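# Close look at the chain arrangement
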Amino acid sequence: MIKAGIIGATGYAGGELVRILLGHKNVEIKWYGSKSYVDQKYADVYQNMFQLVEDVCLDDNLPELAKQVDVIFTATPQGYLASILTEEILNQVKIIDLSADYRIKDVSVYEEWYQIEHKSPQFIREAVYGLCEINRDLVKEARLIANPGCYTTCSILTAYPLVKEGLIDPDSLIIDAKSGTSGAGRGAKVPNLFCEVNENIKAYGVTSHRHTPEIEEQLGYAAGRKLKVNFTPHLVPMNRGILATEYASLKKIPQTDGSLAYPSYEEIKAVYDKYYANEAFVRVLEKDVCPETKWVEGSNYVDVNFKIDTRTGRIIMMGALDNLVKGAAGQAVQNMNLLFGECESEGLTLVPMFP
């Protein structure tokens, strides 16, 4: 059995980790860490865990807690793990960090976008960006996993095959993304109150959202060079879900007669199938079917599709996922499975919930 601990177990992502890991046949949750609810029963915080979890919440003494488990999930605010991580801890336990502390390789970029000083930049180089569909082999050998963000997972996987194959101009990429309110976390914030969110949709973080450099860095690796994208997130009045609609200019490709033309539907579909046909959690939809958040809710799936606009020479790429599952906890468990040689889908064959 894999012995696991969760710091930040009472946040939304932490609670989702508990839900998923309780259904994993080879995992035992040894402790539930929560600075806000120390010594309180976990099931008193989340009543859905009544008679399922009898433990009380512990503090976040990472050096001591690391001695008791094989893997630690840190579902914590930015800066927490970076402030306490040591070589001694990493020599004892594998860590899957759901914050952004080790996602961005350039520490100056991290500090600029997150407006905090990075306390342990010496671990950034070795941290593996845990987008399993792209970095699977690197994940298997890692000590420290930087679990990707929800917006970034959806945005990257939606465009990755076409960026990698050079079928779009990545500098023309515009990402319009929408998220349910759970993406902002469980903390009390006025902009996320019911009366503020209900019957409303709003853009935020325009030109300044912190997931922008993460998207640029990872798609830059696919493109083989640095790039910049326009990323605009929106908040919508629903609990869960990310929908990304992405626009880019297509590149013309050589034809059999020597001319150049935009790729056809069949050629684009073949590229998506090349990358995702054998992926358990990326579903390339049938022609003209647009991804919807309701068809992935509660699951670890990402649904993607595209539409070619021959009139403008552009392509519209679309992706949908559950921000708490594939966008956070489910992806973290997928990474854990790879780290410990488990079947990658163990504990994650969650049928999307409807309605």
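Let me sum up the structure you'll find in this document.

The rules behind the values
Residues numbered from 1 in each chain as written. Predicted model: local features only at pLDDT ≥ 70, side-chain atom pairs only at ≥ 80, totals over all residues. Heavy atoms only, no water. Helix = DSSP H or I, 4+ residues; strand = E, 2+ residues; numbered from the N terminus. Rg over C-alpha atoms; globule rule 2.2 N^0.38 Å. Buried < 20%, exposed > 50% of the residue type's maximum accessible area, 1.4 Å probe, protein only. Contact = heavy atoms within 4.5 Å. Phe/Tyr/Trp six-rings, centres within 6.5 Å; stacked < 30°, edge-to-face > 60°. Lys NZ or Arg CZ within 6 Å of the ring centre and 35° of its normal. Arc of directions from axis to C-beta. Pairing = 2+ DSSP bridges. Axes fitted to C-alpha atoms, helices over the stretch in contact; angles between N-to-C directions. Core = buried A, V, L, I, M, F, W, Y, C linked by side-chain atoms within 4.5 Å. 1 Å grid on protein atoms, 1.4 Å probe; cavity = no way out; pocket = protein on both sides within 12 Å on 5 of 7 lines; lining within 4 Å. Points joined across faces, edges and corners; volume = space filled by probe spheres on them. Nonpolar A, V, L, I, M, F, W, Y, C, P; charged D, E, K, R; others polar.

To continue, consider the overall build of the protein. Within the protein, the secondary structure is distributed over 12 helices and 16 strands. In summary, the protein has a C-alpha radius of gyration of 20 Å against a globular reference of 20 Å for 355 residues, a match within 12%. Projected onto its principal axes, the C-alpha coordinates of the protein cover approximately 70 × 45 × 40 Å. Counting the 355 residues in the protein, one finds 54% classified as buried. For the protein, long-range pairs separated by at least 24 residues make up 69% of all intrachain contacts whose partners lie at least 6 apart in sequence.

Let's shift gears to the environment of G330. Here G330 lies in helix α12 (residues 325-339). When its relative accessible area of 0% is taken as the criterion, G330 is described as buried. For G330, the residues in contact, after removing those within four places along its chain, are I20, N300, L324, V325 and L348.

For the structure on display, the rule yields 10 aromatic pairs. Between Y160 and Y275 the ring centres are 5.9 Å apart and the planes differ by 85°, which places this aromatic pair in the edge-to-face class. Of this pair, Y160 sits in helix α8 (residues 150-164) while Y275 sits in helix α11 (residues 265-276), and the two are 115 residues apart along the sequence. Taking the relative accessible area as the measure of exposure, Y160 reaches 10% and is therefore buried. Grouping aromatic residues by their ring pairs yields a cluster made of Y265, Y272, Y276 and F306. Against the face of Y301 rests R283, its NZ or CZ located 4.3 Å from the ring centre.

What helix α7 (residues 132-140) keeps buried is the set C132, E133, N135 and V139. Looking straight down α7, one finds its buried side chains confined to an arc of 135°; they lie on one side. Of the residues in α7, the exposed ones pointing more than 90 degrees away from the buried face are D137 and L138.

In this section: unusual backbone geometry. Omega for the bond connecting F354 with P355 falls within 30 degrees of zero, at 0°, which places this linkage in the cis form. Within the secondary structure, P355 sits in the segment after α12. You will see that Q51, though not glycine, has its phi angle at about 65°, which is positive. Mapping Q51 onto the fold places it in the loop between α2 (42-45) and β3 (57-58).

Two strands in a sheet stick together by hydrogen bonds in their backbones, pointing the same way (parallel) or opposite ways (antiparallel). Spatially, β9-β10-β8-β11-β16-β15-β14 is the arrangement adopted by the 7 strands of the open sheet, whose pairing is mixed. Every other strand in the sheet has two partners, leaving β9 (202-203) and β14 (282-284) as the edge strands with one partner each. Bridging between strand β15 (residues 302-309) and strand β16 (residues 314-321) involves 8 bridges; their strand directions are antiparallel. The partner of V304 across the bridge, within β16, is G319. Along the sheet face, α11 touches β11 (242-250), β14, β15 and β16 and points at about 160° away from the line of β15.

The subject of this paragraph is the nonpolar core. With 41 residues, the main nonpolar core has L162, I268, Y272, I315 and M317 as its most contacted residues. Listing elements by their share of this core, those giving two or more residues are α8, β8 (168-179), α10 (212-223), β11, α11, β14, β15 and β16. Counting residues per element, this core draws most heavily on α8, at 9 residues. A4, V18, Y46 and L338 belong to the second largest nonpolar core, which has 40 residues in total.

This part takes up the sheet that holds strand β7 (residues 144-146). In space, the 7 strands of this open sheet follow the order β3-β2-β1-β4-β5-β7-β6, with parallel pairing throughout. At either end of the open sheet lies a strand with only one pairing partner, and these are β3 and β6 (128-129). By the bridge criterion, 6 bridges tie strand β1 (residues 2-7) to strand β2 (residues 27-33) in an arrangement that is parallel. The residue of β2 that forms the bridge with I7 is G33.

On to the layout of surface pockets. What the second largest pocket holds in volume is close to 530 Å³. Lining the second largest pocket are 24 residues, and of these Y12, T181, S182, N239 and L324 lie nearest its centre. Elements represented by at least two residues in the lining of the second largest pocket include exactly α1 (12-21) and α9 (194-197). Considering each element in turn, the lining of the second largest pocket owes the most residues, 4 residues, to α1. Of the residues assigned to the lining of the second largest pocket, the class counts are 11 nonpolar, 9 polar and 4 charged.

Buried residues dominate β16, accounting for 7 of its 8 residues. Relative to β16, β11 runs antiparallel, the two sharing 8 bridges. Paired with A248 across the strands is I315, a residue of β16. Between the antiparallel neighbours β15 and β16 lie 4 residues, among them G313 with a positive phi of about 70°.

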